[in-house]
Amino acid sequence: MKNTIVGSVETPFGLGEIIIRFYDSNIVNIIHVPHDVAVEESFVVIAKPKSISVTVDERDNEVVVSSDEISVRIDKVSNIVEISFGNLIIREVSRRAIKQSRYGVEFHTFEHVLEIDPDSSLYGLGQHAGYSAHGVYNYRNHAVYLVQRNTDIAMPFLVSSAGYGILWDMYSMGVVESRGNMLRIWFEAGDYLSYFLIYGPNLDRVIAGYRWLTGKAVMLPRYAFGYWQSKERYASQEEIVSTAKIFRDRGIPIDIIVQDWLYWGKYGWNAFKFDEERYPDPKKMVEDVHKLGIKIIISIWPFFEKKTDMYREAEERRCIVSGGHGNHGLVNVFNEECREWFWKKIEEVFFKIDIDGWWLDASEPEVGPGLVYDTWQRTLDIGNGRKMVKYLNLYPLLETKAVYDGQRKVSNRRVLILTRSGFAGIQRHGVVNWSGDVTGDWTTFRTQIWAGLNYSLSGLPYWTTDIGGFFSGNPETEGYKELFVRWFQWGAFCSIFRVHGTYYPKEPWKFGKEVEEILIKYIRLRYRLLPYIYTLAWMVYENDYTIMRPLVMDFREDKNAIHIDDQYMFGPFIMVSPITTPSTFEREVYLPRGLWYDFWSGKKLLGGRRVRIQAPLDTVPLYVKAGAVIPLAMDNIRNSDEIGTEFELRIYRGRDGEFALYMDDGETYAYENGMYTLIPFKWIEKENKLVIEDKKGLMNIPQLRFKVVLVEEGKGVGVDEAKPDVIVDYSGKKIVLTFSPP
């Protein structure tokens, strides 16, 4: 019998009952529910199913539920669930639930096995590259443990080069293991097994589906895309202010300086106080940094030493997780009232003196200094008879929710959170993740690229590393200088550009004149690219775009491209190919089909082949796709607020191309109500014509000036400003420019 319905289908099957619920024509939720278990509201998924029609075909031993794009067949004889989409079939061939009574609570341990295609590459699952677990880029024939720890971000979202993603709405420790064409997925604890199949086949559509389910990635403040300087640690008010002044005195652009831990001094761990001996006037410290045109971010931890007033107040409010570390208490972010209290204390102490952003360190969580992950975390009592075993990976999502929701209630200023752990949905909280306390060596550097690309394919847009490694080398040594330069060059093409580390300070001038000049070159390049980067950030919000783009995203049909793990696209146009070995001054670069420009020379190359190119120490290989239209800021700006009203517009001829310039106030959420300007550009190759369209959006703009440069060999190349082919003033109305053929 065949029916058309709107809603979900529930039928006895397998572990007890199976629920098939279409959220959209390309997104289906499958839930296996054991007997006597109720399905609860998700912590992660905030979307509601759309009202789409699905057909249900019920026979004696079979139920088939289908949208226009996905069909789910439940075979009650073979006990198999078959999911068909495009030209693919995924078969859930087995599942089991083991009822457990441990740690004082009852739960089920789940395992299911999926039969998938034999050849596709598997990506996502968060970030897994650090310490000795150097991981891989393509997870095919590997096992990945999903558990938060320093250098590992657990993200239960797997993406396949075959054009689909699977999001498990599960919160406990998990394992995803690939063996041939079989996937074994295990979760330690839950009440039921729930997962979503998201079909593309375009991977941007897969990630858009994930973001629609779990929340849009909000805009970060514009200054987040400039240069961040941090170290472990600036030890006094005088040191952090004087360091900020040195940047200005040396003419080095910077947007953010970071105050790391231990500013609390004698008051005890995470006391939410400044030790007056070293920080006599925190409000003036912030004012002094702001006067230099620099923002300041501060480190905040999720636990308090027992001797602090913060601990005593949290305990009185029953906001300390029971069963934690002996001398410290972890704030219970699973309790809404405790989340509100946590933000209120941040507001009272830090927000009121105009601190700009929040470094929520150790959000796995650590439960005491250095206790990054220990098996007894699962025994922590989070209230209402719940133990953390079922919710082990959720902590960073809820801690960032506390700060994001709290700040948005009291201010229209954009939230900026840097934190060490992440989870599905965290992009809706204004979060930047970094890869943790990694070591400063070449092997770790290479694996950071894998980590960042898989993080991006997990649907999470904003990511960075401790450039040069947290455990730093000596900037006076030749070997570490080379590593730092290569890491720094790559860091300029991460979504967030940030230096941090311990043992040695790593401000640019610490490396000697020759290296300082190279580092400043890449800081300048980052600032020149800010109009391009900030437009990409708008695309992340508006179009669910991805900035750091593994080649599989744009060249999925190119079998040579999808396995390359040390090249990627930075936005739609710029191919980045870092140097990841010492004493290396050339490398092989794969250029997919099409016409490409060497960014540094303007030389044109045909793609569909590998090329060997020179890469002296001051050069990271960059290639730009023909058809690119790249807006650049003018040179020598000090921070992101100085982008101004003049732009260099580089046109890379050879094919049609489109891009835009996005502008807003850079600080508030007014963009959510249309208060922005978007200026579309279109290059029409056959007509040698550039069209600057009417502006979109409600924000008024002053007259802008575009200095248009047609790139060719030796012209419109590198960091420096180029002599324009034409200069045009723009007031928001369409302009058409026609050029002579090349």
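The preceding data block contains the structure.
Residues numbered from 1 in each chain as written. Predicted model: local features only at pLDDT ≥ 70, side-chain atom pairs only at ≥ 80, totals over all residues. Heavy atoms only, no water.

## Some remarks on the overall build of the protein
Phase 1: Regarding its fold elements, the protein presents 11 helices and 45 strands.
Phase 2: For the protein, the spread of C-alpha atoms along the principal axes amounts to about 75 × 70 × 50 Å.
Phase 3: Burial analysis of the protein (742 residues in total) assigns 66% to the buried set.
Phase 4: On the protein, roughly 25800 Å² of surface is accessible, and the fraction owed to carbon and sulfur atoms is 47%. (Helix = DSSP H or I, 4+ residues; strand = E, 2+ residues; numbered from the N terminus. Buried < 20%, exposed > 50% of the residue type's maximum accessible area, 1.4 Å probe, protein only. Areas by Shrake-Rupley, 256 points an atom, 1.4 Å probe, with all protein chains shown as cover.)

## Quick notes on the environment of lysine 513
Phase 1: Turning to its location among the elements, lysine 513 is positioned in helix α9 (residues 513-528).
Phase 2: Looking at lysine 513, its side chain comes within polar contact range of the side chain of glutamate 517, at 2.5 Å. (Polar contact = N/O pair within 3.5 Å; in protein donor to acceptor, adjacent residues only side chain to side chain.)

## Looking at the packing of aromatic side chains
Phase 1: With the rule as written, the count across this model stands at 68 aromatic pairs.
Phase 2: Plain terms: the ring middles of tyrosine 541 and tyrosine 671 are 4.9 Å apart, the flat faces sit at 85° to each other, and that makes the pair edge-to-face. Of the two residues, tyrosine 541 is situated in helix α10 (residues 530-543) and tyrosine 671 in the loop between β40 (657-663) and β41 (677-684); the sequence distance between them amounts to 130 residues. Accessibility assignment for this pair places tyrosine 541 and tyrosine 671 in one class, buried.
Phase 3: Look at phenylalanine 706 and tyrosine 730: their rings are 5.8 Å apart centre to centre, the planes differ by 55°, and that puts the pair in the tilted class. Within this pair, whereas phenylalanine 706 is found in strand β43 (residues 704-710), its partner tyrosine 730 is found in strand β44 (residues 726-730), the two being separated by 24 residues in sequence.
Phase 4: The buried category is assigned to tyrosine 730, whose relative accessible area is 0%.
Phase 5: Over the ring of tyrosine 534 we find arginine 222, and its NZ or CZ is 5.8 Å from the ring centre.
Phase 6: The ring of tryptophan 359 is capped by arginine 498, whose NZ or CZ atom sits 5.8 Å from the centre of that ring. (Phe/Tyr/Trp six-rings, centres within 6.5 Å; stacked < 30°, edge-to-face > 60°. Lys NZ or Arg CZ within 6 Å of the ring centre and 35° of its normal.)

## Some thoughts on the state of the cysteines
Phase 1: A complete count under the given rule lists 1 disulfide for this structure.
Phase 2: Between the sulfur atoms of cysteine 319 and its disulfide partner cysteine 338 the distance amounts to 2.2 Å. Residues cysteine 319 and cysteine 338 are joined through a disulfide that is left-handed, its torsion about the S-S bond being -90°. Of this pair, cysteine 319 sits in the loop between α4 (309-316) and β22 (328-330) while cysteine 338 sits in helix α5 (residues 336-349); the two residues are 19 residues apart in sequence, bridging distant segments of the chain.
Phase 3: On the accessibility criterion, cysteine 338 (1% relative accessible area) is buried. (Disulfide = S-S within 2.5 Å.)

## Quick notes on the sheet that holds β43
Phase 1: With mixed pairing, the 4 strands of this open sheet are ordered in space as β38-β39-β43-β44. Each end of this open sheet is capped by a strand with a single partner; those strands are β38 (629-633) and β44. Mean inter-strand twist for the sheet, computed between neighbouring axes without regard to direction, equals 25°.
Phase 2: Together, β38 and β39 (646-651) form the strand contacts of α9, whose direction differs from that of β38 by roughly 115°.
Phase 3: Along the sheet face, α10 touches β38 and β39 and points at about 115° away from the line of β38. (Pairing = 2+ DSSP bridges. Axes fitted to C-alpha atoms, helices over the stretch in contact; angles between N-to-C directions. Contact = heavy atoms within 4.5 Å.)

## Quick word on the pairing of β39
Phase 1: Summarising burial for β39: 5 of the 6 residues are buried, a large majority.
Phase 2: Where β39 meets β43, 6 bridges bridge the pair, whose relative direction is parallel. Of the residues in β43, the one forming a bridge with isoleucine 651 is leucine 710.

## Some remarks on the pattern of salt bridges
Phase 1: This model, assessed by the stated rule, comprises 65 salt bridges.
Phase 2: Between arginine 95 and glutamate 92 there is a salt bridge, and its shortest N-O distance comes to 2.7 Å. Glutamate 92 shares its class with arginine 95; the two are buried.
Phase 3: Across the pair arginine 250 and glutamate 516 runs a salt bridge, and its minimum N-O distance is 3.0 Å. (Salt bridge = Lys/Arg side-chain N within 4 Å of Asp/Glu carboxyl O.)

## Focus: unusual backbone geometry
Only a minority of non-glycine residues have a phi that is not negative, and only a minority of peptide bonds are not trans.
Phase 1: Cis geometry marks the peptide bond from glutamate 232 to arginine 233, where omega comes out at 10°.
Phase 2: Tracing the chain through its elements places arginine 233 in the loop between β18 (227-229) and α2 (237-249).
Phase 3: In this structure, proline 365 follows glutamate 364 across a cis peptide bond, with omega equal to 15°.
Phase 4: As for its placement among the helices and strands, proline 365 is situated in the loop between β23 (357-360) and β24 (381-383).
Phase 5: Notably, threonine 151 is not glycine yet its phi reads approximately 85°, a positive angle.
Phase 6: Tracing the sequence through the fold places threonine 151 in the loop between β12 (143-146) and β13 (152-160).
Phase 7: Looking at threonine 151, the relative accessible area reads 0%, which means it is buried.
Phase 8: In this structure, asparagine 384 is a non-glycine residue whose phi angle is positive, near 55°.
Phase 9: Looking at the element boundaries, asparagine 384 is found in the loop between β24 and β25 (386-387).

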